[in-house]
Amino acid sequence: MTQARGADADRGLAAGLERRGFLSIGGGVLAGAGTLGLLQGADRPTASTAVRTLPRIYPSDPRYATMRMGFNRRWVGSPAYIQVVRNANQTLAAVQRALDARLRITVRGGGHCYENFSSGNHGGVIIDLSGMQGVYLDRSGRAVVEGGATLWNVYETLFKDYNLALPGGSCYSVGAGGHIVGGGYGLLSRLHGLTVDYLTAVDVICVDRHRTARLIHARKGDPQTGRLLWAHTGGGGGNFGIVTAYYFSRLPSPPVQVRLATTAWPWSGLDAASFATLLRNYGRFMAAHSHPASPYRGLFSLLKLFHQSAGQITMITQAAGPAFGLLPSFLAAVGRGVPGGSTTTETLTWLQATQTLNGSGPNQRGKYKSAYMKTSFPDDQIQAIHGALTDLRFTNPQALLQVDSYGCQVNVVPPSATAVAQRSSVMKLQYQTYWTAPADDDVNLSWISRFYRSVYAASGGVPASNRVTDGCFINYPDVDLPASWPALYYKAGYHELQQVKARWDPLNIFHHRQSIVPAGQRS
Ligand SMILES: Cc1cc2nc3c(=O)[nH]c(=O)nc-3n(C[C@H](O)[C@H](O)[C@H](O)COP(=O)(O)OP(=O)(O)OC[C@H]3O[C@@H](n4cnc5c(N)ncnc54)[C@H](O)[C@@H]3O)c2cc1C
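Residues numbered from 1 in each chain as written. Predicted model: local features only at pLDDT ≥ 70, side-chain atom pairs only at ≥ 80, totals over all residues. Heavy atoms only, no water.

**With respect to the nonpolar core**
Part 1 of the reasoning: With 123 residues, the main nonpolar core has Phe248, Leu305, Phe330, Ile385 and Leu429 as its most contacted residues.
Part 2 of the reasoning: A per-element tally of this core places helix H9 (residues 272-288) first, with 7 residues.
Part 3 of the reasoning: The residue makeup of this core includes at least three contributed by each of domain 1 (7-27 + 43-253) and domain 2 (257-489).
Part 4 of the reasoning: The contacts of Leu429, once residues within four sequence positions are left out, are Lys369, Ser370, Ala371, Met373, Phe377, Leu401, Gln402, Val403 and Tyr456.
Part 5 of the reasoning: If you look at the next biggest cluster of nonpolar residues, it comprises 21 residues, including Leu54, Ala88, Val95 and Met132. (Core = buried A, V, L, I, M, F, W, Y, C linked by side-chain atoms within 4.5 Å. Buried < 20%, exposed > 50% of the residue type's maximum accessible area, 1.4 Å probe, protein only. Helix = DSSP H or I, 4+ residues; strand = E, 2+ residues; numbered from the N terminus. Domains from an automatic or database assignment. Contact = heavy atoms within 4.5 Å.)

**Comments concerning the pattern of salt bridges**
Part 1 of the reasoning: In total, this model carries 18 salt bridges according to the counting rule given.
Part 2 of the reasoning: Asp197 is the salt-bridge partner of Arg423, the closest N and O atoms lying 2.7 Å from each other. Of this pair, Arg423 sits in the loop between strand E16 (399-405) and strand E17 (427-435) while Asp197 sits in the loop between helix H7 (189-192) and strand E8 (199-207), and the two are 226 residues apart along the sequence.
Part 3 of the reasoning: The residue Arg393 makes a salt bridge to Asp391 at a minimum N-O spacing of 3.0 Å. (Salt bridge = Lys/Arg side-chain N within 4 Å of Asp/Glu carboxyl O.)

**Considerations on helix H12 (residues 379-389)**
Part 1 of the reasoning: Along H12, the residues classified as buried are Gln381, Ile382, Ala384, Ile385, His386, Ala388 and Leu389.
Part 2 of the reasoning: Taken together, the buried residues of H12 touch H9, strand E12 (299-306), strand E15 (365-373), E16 and helix H13 (441-455).

**Describing the sheet that holds E17**
Part 1 of the reasoning: Pairing in this open sheet of 7 strands is antiparallel, and the strands run E14-E11-E13-E12-E16-E17-E15 from one edge to the other. Where the open sheet ends on each side, the last strands, each with one partner, are strand E14 (342-349) and E15. Taken pair by pair, the neighbouring strands of this sheet meet at an average axis angle of 15 degrees, ignoring direction.
Part 2 of the reasoning: In this sheet, E16 lies alongside E12 in antiparallel orientation, the contact comprising 5 bridges. Counterpart to Leu305 in the pairing with E16 is Leu401.
Part 3 of the reasoning: Where H9 meets the sheet, it contacts strand E11 (257-266), E12, strand E13 (312-319), E16 and E17, and its direction lies at approximately 155 degrees from that of E12.
Part 4 of the reasoning: The strands touched by H13 within the sheet are E15, E16 and E17, with E17 carrying the most contacts at an inclination of about 160 degrees. (Pairing = 2+ DSSP bridges. Axes fitted to C-alpha atoms, helices over the stretch in contact; angles between N-to-C directions.)

**Some remarks on helix H5 (residues 151-162)**
Part 1 of the reasoning: Here H5 is 12 residues long and its end C-alpha atoms lie 16 Å apart, about the 16 Å a rise of 1.5 Å per residue gives.
Part 2 of the reasoning: Those residues of H5 that are buried are in contact with strand E6 (135-137), strand E7 (143-146), helix H6 (176-181) and helix H11 (350-356).
Part 3 of the reasoning: Of the residues flanking the end of H5, it is Asn163, one or two places downstream, whose phi is positive at about 55 degrees. (Expected span 1.5 Å × (residues − 1).)

**Here's the deal with the layout of surface pockets**
Vacant regions in the atomic arrangement are exposed by a probe of water-molecule size rolled over the atoms.
Part 1 of the reasoning: Estimated volume of the second largest pocket: approximately 270 Å³.
Part 2 of the reasoning: Lining the second largest pocket are 17 residues, with Met69, Phe71, Arg108, Gly110 and Gly111 sitting closest to its centre.
Part 3 of the reasoning: Across the lining of the second largest pocket, the residue classes break down as 3 nonpolar, 12 polar and 2 charged. (1 Å grid on protein atoms, 1.4 Å probe; cavity = no way out; pocket = protein on both sides within 12 Å on 5 of 7 lines; lining within 4 Å. Points joined across faces, edges and corners; volume = space filled by probe spheres on them. Nonpolar A, V, L, I, M, F, W, Y, C, P; charged D, E, K, R; others polar.)

**Here we look at the packing of H12 against H13**
In a packed pair of helices, the relevant descriptors are the angle between the two axes and the axis-to-axis distance.
Part 1 of the reasoning: One way to put it is that H12 packs onto H13 with a least axis distance of 8 Å and a crossing angle of 165 degrees. Comparing their axes, H13 and H12 come out roughly antiparallel. Seen along the crossing, H12 lies across H13 with a hand that is right-handed. Where H12 approaches H13, its residues Gln381, Ala384, Ile385, Ala388 and Leu389 are matched on the opposing element by Trp447, Phe451, Ser454 and Val455.
Part 2 of the reasoning: Here the residues of the contact of H12 with H13 are counted per class, giving 7 nonpolar, 2 polar and no charged. (Parallel < 35°, antiparallel > 145°, perpendicular 65-115°, else oblique. Left-handed = near helix turned anticlockwise from the far one by under 90°.)

Right, dumping it as structure tokens:
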């Protein structure tokens, strides 16, 4: 998919927004003379005309069973209806319609949320942006990504049309809608930083204290909207409004070619000591080679520590740019003293590699937890990881701890410059387990909780910010986290996010189980 049907219409809308600052439905507010104002005349949508033509899916509709579910089969909503939107005007009208009917609004981009934040709506409306998948350059050369685009829409179009890349996630069915506002990262992040490091504006539909929906063009550095833009650089989805378009400036070009390596270590050849050697090798390598100037900055690796019942541990590594020729030295350093490893390598063009590495997998049930790591693994953590992965009272070959490399260019940006506060980590950890039968929920949920608590036993069962760990990733939300979740996700930035929330969503219209609480209000 390249450009969506609504792209032309929205290009005109975006230009209108640039001139005017925001548009609103239902009349209301003029925020400052000259630059900000209401969209007038023919541009101005009305709820009756814009919404009437939209696909609205009610429980009696054969599509409802599909459309009420997230990518994770654990998430099944029961909304009054699901509204698919195809451009910003329609989204604005859909929001106003729901507000007028006093229906709770839930936002869905790609539907890949790890928790029930984009399908968990009962009796309200899910506004589904999957009809808005346009990707294009605007007149000032900014790359525009509509709020319902998938990462594959973004990668393919930016590459084929403009030779540009967004350093986003590896799984290309993920939606840009939630991914970017959560501070998404991926295989180009050590080389080029995070998606949000290039984000200079968003079009976002907010609701003011008079229950009027307004489309705001929030720009970096703008005195009125700059903090709203900042909140979208890692504040997380479903918090401030509905992003209909993301704008990026100075995106890099992707590497022409990359080297890919897949390494496997059979569990049968690993004992506790050699498993520890593998983790130490990997962690120490990342701690030593995650400086922004490191020649290894073009290398990104995903170490997948599968449960023993899977039979093997695997590691996928992409080497690009300055690291293209350094793959053998990395593989040698990680594999030193670890028996049984075997590797296959190949050279691919960047887009081919991106397609090859797509790890979206099938729709299943899943549970996830996360941690940022500032150092290599301490011995107590290695022991706990080994214990959980070799606990054969639980057998699931789809249960794993994935250790992603991190750092380099990610850590060039100061912690307060974006809402992603963790800017000194060298690895990012993702605890995962997948299954299909609802009857297996309990066994999987309790295994992953025990696993996580045991690894962070020394810091209260969570990866608190300290010398070794630095909290959790909002794009991997976890409702089991204790009441300290705001500090784990956002560190000191939470206070500022609460101020932005109070300013731009004072009625807390956009909320879910771990959404930002407006300053001055109780959760
Ligand atoms: C298979 C898979 C692979 C992944 N790989 C990576 C990875 O490599 N790197 C990484 O950083 N993350 C990764 N993630 C996590 C992913 O970034 C988040 O789950 C992300 O929030 C998904 O966005 P979405 O639009 O698909 O999800 P949704 O479920 O639609 O939304 C997630 C949250 O964002 C909100 N939201 C969605 N769209 C908008 C919008 N337009 N405006 C405002 N709020 C919105 C929703 O309300 C919800 O709160 C992966 C997830 C999965 C399932």
